[in-house]
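# Observations on the three-dimensional arrangement
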Amino acid sequence: MRDSTLKRVRKPARYIGGEVGSIVKDRKDVRVHMAFAFPDLYEVGMSHLGLHLLYSLINSHEAFFCERVFAPDKDLEEIIRNEEEELSTLETSTPLRNVDIIGFTLQYELSYTNILNMLDMAGIPLRSQHRTEEMPLIIAGGPCAFNPEPIAPFIDLFVVGDGEEVIVELLKLYEGRESKADFLRKACQIRGVYVPAFYEEKYEEGEFVGHGVLYDPAPYPVQKALVKSLESHHHPLRHIVPFMDVVHDRAFTEIFRGCTQGCRFCQAGMIYRPVRERSKEQVLESALRLLDEGGYEEVALTSLSSLDHSEIREIVEELHESVKDRKIRMSLPSLRLDSFSLDVLRLVSGAKRSSLTFAPEAGTQRMRDVINKNVEEDDIFSSAKALFEEGWNKLKLYFMLGLPTETFEDVKGIEETAKRLRALYRETTGKDRLQLNISTSYLIPKPFTPFQWMAMTPRDVVEQRQHYLSKALRAKQFSYSYHEGTSSNLEAVLARGSRKISDVIETAFRLGATFDGWNDYFRWEIWLQAFKKWDIDLEKELGERSLDESLPWEIIDPGVTKNYLQREYFKALEEETTPDCRGLCHGCGINSQRTGGICFGVQNPL
Amino acid sequence: MVCRIRFRKDGRLKFLSHLELLKAWDRAFRREEVPLVFSGGFSPRPLMTFALPSAVGICDLAGYMDVQIEDGFDISRLLRIKGLPDGLEVLDVKEVDEVKVSLMSLVHSVDYVIEGDMSALERLKSEQPLPFVRINKRGRRHERDARDYLLRMEWGEHALRVQLLAGSEQSIRVNELLEAVTGDREAHVRFQVTRWEVYDKEGRSLWEH
Ligand code: SF4
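Here the structure is a predicted model, which means the values were calculated and not measured.

### Focus on the overall build of chain B
When helices and strands are tallied, chain B shows three helices and 10 strands. When the helices and strands of chain B are read in sequence order from the N terminus, they spell out β-α-β-β-β-α-β-β-β-β-β-α-β. For 209 residues, the compact-globule estimate of 2.2 N^0.38 gives 17 Å, and the C-alpha radius of gyration of chain B, at 19 Å, lies within 12% of that figure. By its C-alpha atoms, chain B is 55 × 35 × 30 Å across when sized along the principal axes. Across the 209 residues in chain B, those meeting the buried criterion constitute 32%.

If you want it as structure tokens, here you go:
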């Protein structure tokens, strides 16, 4: 990128590359040149573990070169659109259209228009069918690839499931290809690879009735890729150390993948099964190496539910011992309000007294039972009491609204929880200094969760409940914030849609939609216009699905069976909980289908 | 002990903001296991102070910083820090016994080298005033003459060296000078600017302190 461009944009450090840990190779020496594309700003993308992991994995092969590219902010976009600059890679400033493969990561549905925008800025046709042989191959992976259909026409190939399992094999295959078509035919034989061109959606009287296979050897459904053991797999000991402040500016190491909690709203908890832990020794080695090589001030032990690691206490204690003299902070995402969490928390936080975040998700025990959020009323208040006694006074609590079977009582439950905490704080400390931050989001019934058949609660209903809470939580100790309904609705449509939605996405993009996940940029009226143009009935898209109808995402097989999801769906309606499956297997299917009967190192947990 | 460092920041890294530069040094020192002295409080920070943060987009050959390090550390190690990002370099280090006056309060003027199309800067050669507008904290507009801040000029074929006031009482940014001369707010985009040296009131390099 030109100096004159960098002098004109905000936060030019986003676009300069050259960070410690970034890798530059001579393009003459590499056989496959790839760009890892994150369809959001640098500071968001650099906080994402998958980027560091795949970057380091691909570049560990001499023949392959992986660079990065992020969505440029609007000021740079304008300069690119005026043809004064090109959208190019960070490491070598190669125009994006000149690399062999562009790999988009799909972390959230509201970044879809940014994918189109990046292709468009690079001068690459949006739809696979319009791209010629010389143009880059466009691939994509990440959690949203579990329903690839809404963006299927734009992407040549999806990697579903654990990317590190598949990517190197794909690049090797690409290296020896005869043509793009030849490559795709061979690639679809790799487990976890979905090539949209080999399938079609079938409709009867306008209703989606399932997929047809257009190329016989292509598998149906497409099984997700699965790394059996993280322990034996590549894990980077060096990340790219950003110059600018990024969202999570710290060393981070994955301590396990998957989750056994079984929260019924959580897509990640279903699609990343089974749990695969890394040993204490490996976690410690990687955390310390990352700190040494990066010089960070903070280290995070990440996973969906970090306290569930079988050796978490030992890991935290030993890591604490090794870093305490170096003024390095530790952080554990996803803390829970129970006594074990508090023990670990004391070690992690040391003297630091900032705010603590917890996610009870619902305000009443009944509601928490419906969603299978394993938090007990008593635990919440006894842990809070302990925290208050130790001097904590800032808490952040996350809840959801629009949950299945939610009534006004459940909403009042959020208010009551807040008020009881305030009273408890007064009682415990004799002071009035509690700062309680309450925030609510919408339940979005995501594919491959037990709630996938449920309707999204209508916006006006949720808005009333938000309104109620804003009034109820007016006291100076509280602050209440909530997610916007319109963008949550859009997220639901993009998450649950069929290929038909791709036309809507393209139209919305042409009308100016980008950065839909950013409140300042999100423009609902554009999307309404696009839905109208394609005759998409929003209410139907957001509505209930019947248990026996075909669903667009069933082209993918996540390993967790439909039968299990249905059982959980009915149990939810019965307000019946399903305990953590480390104690007792509930037969979700992942072990019988994928892992040869093994889950957590136990043969046949069934 | 206090260690005074003279450093260079150029290439792509000239686009780092001051805070980003601070973090880059902090992390480089930690990677090198330099025993930094930290501030107290809930979020301890290493004790680093700079003479004069250079603006985003300007190469700096005269970066000065004081950093506190545990006694007994061999400061020559700082000259050999491995793994500094391309564009950062330690040029010189020395121990200062006691910091009586902060680096920042010593600053009086700065030498810049401006490269680019010199014909655009012809007006500097005349005697005409070079007005520019500055808006103060209360939003009041003040007209100033850039010439009042200009101590010295030295013309080359493709480059100009200027010495500008930069102290706490009177200072001008190089972008303001370029704007005053060309009448164009965006003029700085077309020039390459390098900070060459920082001087005290007597015209001595800060390094001599
Ligand atoms: S197979 Fe059983 S133990 Fe394994 S994740 Fe599924 S429910 Fe849990």
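### A short note on the overall build of chain A
When helices and strands are tallied, chain A shows 21 helices and 21 strands. Taken over C-alpha atoms, the radius of gyration comes to 24 Å for chain A, in line with the 25 Å a tight globule of 606 residues would show. Taken along its principal axes, the extent of the C-alpha atoms in chain A is 70 × 65 × 55 Å. Counting the 606 residues in chain A, one finds 47% classified as buried. For chain A, the share of sequence-separated contacts (at least 6 apart) that also reach a separation of at least 24 residues comes to 76%.

### Re the nonpolar core
Met34, Ile155, Val159 and Val160 of chain A are the most contacted members of the largest nonpolar core, which totals 152 residues. Ranked by residues supplied to this core, first place goes to strand E1 (residues 32-38) of chain A with six residues. Inspection of this core shows a minimum of three residues originating in each of domain 1 (3-223) and domain 2 (556-603) of chain A. Among the nonpolar cores identified, the runner-up in size contains 27 residues, and Leu52, Val193, Val198 and Leu206 of chain B belong to it.

### A closer look at the interface of chain A and chain B
Often, the extent of an interface is quoted as the loss of accessible area on bringing the components together. With 23 residues of chain A at the contact, the number on the chain B side is 24 residues. Secondary structure elements with two or more residues in the side of chain A that touches chain B: helix H1 (3-6) and helix H9 (280-294) of chain A. When residues in the side of chain A that touches chain B are grouped by element, the largest group, three residues, is from H9 of chain A. For the side of chain A that touches chain B, the residue count by class is 10 nonpolar, five polar and eight charged.

### Examining the domain arrangement of chain A
Structurally, chain A comprises domain 1 (3-223) and domain 2 (556-603). The distance between the C-alpha centroids of domain 1 of chain A and domain 2 of chain A comes to 32 Å.

### Let's talk about unusual backbone geometry
All names here are of chain A. In this chain, Tyr220 is followed by Pro221 through a cis amide linkage whose omega measures -15 degrees. As for its position among the elements, Pro221 is in the loop between strand E8 (207-213) and strand E9 (222-223). A cis amide bond links Arg273 to the next residue, Pro274, at an omega of -5 degrees.

### A look at the confidence of the model for chain B
Detailed conclusions should not be drawn from predicted coordinates in areas where pLDDT is low. Residue and element names in this part refer to chain B. Summarising the model, chain B shows a mean pLDDT of 93, and 100% of its residues fall at 70 or more. Looking over chain B, one finds the lowest element-wise mean pLDDT in strand E6 (residues 131-135), namely 89, and the highest in strand E5 (residues 109-115), namely 97. Among the scores for the predicted complex, ipTM is 0.92 and pTM is 0.94.

### Digging into the sheet that holds strand E17 (residues 435-442) of chain A
Residues and elements named next belong to chain A. The sheet built from four strands is open, its strands ordered E15-E16-E17-E18 with parallel pairing. Since the sheet does not close on itself, it has two edges, and those belong to strand E15 (356-361) and strand E18 (478-482), each with one partner. Strand-to-strand, the axes of this sheet are offset by a mean angle of 20 degrees, without reference to chain direction. Here strand E16 (residues 394-401) runs beside E17; their pairing, made up of eight bridges, is parallel. Paired with Phe399 across the strands is Thr440, a residue of E17. Sheet contacts for helix H14 (residues 408-429): E16, E17 and E18; angle to E17, the most-contacted strand, approximately 165 degrees.

### A short note on the site of the ligand
Lining the immediate surroundings of the ligand are 12 residues, of which Cys581, Cys585, Cys588, Asn591 and Cys599 of chain A lie closest. Here the shell around the ligand is composed, by residue class, of seven nonpolar, four polar and one charged.

### Looking at the sheet that holds strand E3 (residues 101-105) of chain A
Residue and element names in this part refer to chain A. Taken in spatial order, the six strands make up an open sheet running E2-E1-E3-E4-E5-E6, and their pairing is mixed. A strand with exactly one partner marks an edge of an open sheet, and here the two such strands are strand E2 (64-70) and strand E6 (193-194). Direction of pairing for strand E5 (residues 157-159) relative to E6: antiparallel, over a ladder of two bridges. Across the sheet, residue Phe158 finds its bridge partner in E6, namely Tyr194.

### Topic: the environment of Leu490 of chain A
Residue and element names in this part refer to chain A. Mapped onto the elements, Leu490 comes out in helix H16 (residues 485-496). Placed 76 residues apart in sequence, Leu490 and Gln566 show a C-alpha to C-alpha distance of 25 Å. In contact with Leu490, other than residues within four places in its own chain, are Leu110, Asp516 and Trp527.

### Quick look at the packing of helix H17 (residues 500-510) of chain A against helix H18 (residues 524-533) of chain A
All names here are of chain A. Two elements in contact, H17 and H18, have axes whose closest approach is 8 Å; the angle formed by their N-to-C orientations is 135 degrees. Comparing the axis directions of H17 and H18 gives the class oblique. In this structure, the crossing between H17 and H18 has a hand that is right-handed. Across the interface between the two elements, Val504, Thr507 and Ala508 of H17 pack against Ile526, Trp527, Ala530, Phe531 and Lys533 of H18. Looking at the contact of H17 with H18, its residues break down into six nonpolar, one polar and one charged.

### So, the domain arrangement of chain B
Residues and elements named next belong to chain B. In terms of domains, chain B is made up of domain 1 (2-104) and domain 2 (107-208). With centres defined by C-alpha atoms, the gap from domain 1 to domain 2 works out at 26 Å. Contact residues are listed per partner, giving 14 residues for domain 1 and 13 residues for domain 2. At the level of secondary structure, the elements contributing two or more residues to the side of domain 1 that touches domain 2 comprise strand E3 (59-68) and helix H2 (103-106). A total of five residues in the side of domain 1 that touches domain 2 trace back to one element, the largest contributor, which is E3. Of the residues in the side of domain 1 that touches domain 2, the class split is 10 nonpolar, one polar and three charged.

Scoring rules and cut-offs
Residues numbered from 1 in each chain as written. Chains lettered and ligands numbered in written order. Predicted model: local features only at pLDDT ≥ 70, side-chain atom pairs only at ≥ 80, totals over all residues. Helix = DSSP H or I, 4+ residues; strand = E, 2+ residues; numbered from the N terminus. Rg over C-alpha atoms; globule rule 2.2 N^0.38 Å. Buried ≥ 20, exposed ≤ 12 C-beta atoms within 10 Å, placed from the backbone. Contact = placed C-beta atoms within 7 Å. Core = buried A, V, L, I, M, F, W, Y, C linked by C-beta atoms within 7 Å. Domains from an automatic or database assignment. Nonpolar A, V, L, I, M, F, W, Y, C, P; charged D, E, K, R; others polar. pLDDT = per-residue confidence, 0-100. Pairing = 2+ DSSP bridges. Axes fitted to C-alpha atoms, helices over the stretch in contact; angles between N-to-C directions. Near = placed C-beta within 6 Å. Parallel < 35°, antiparallel > 145°, perpendicular 65-115°, else oblique. Left-handed = near helix turned anticlockwise from the far one by under 90°.

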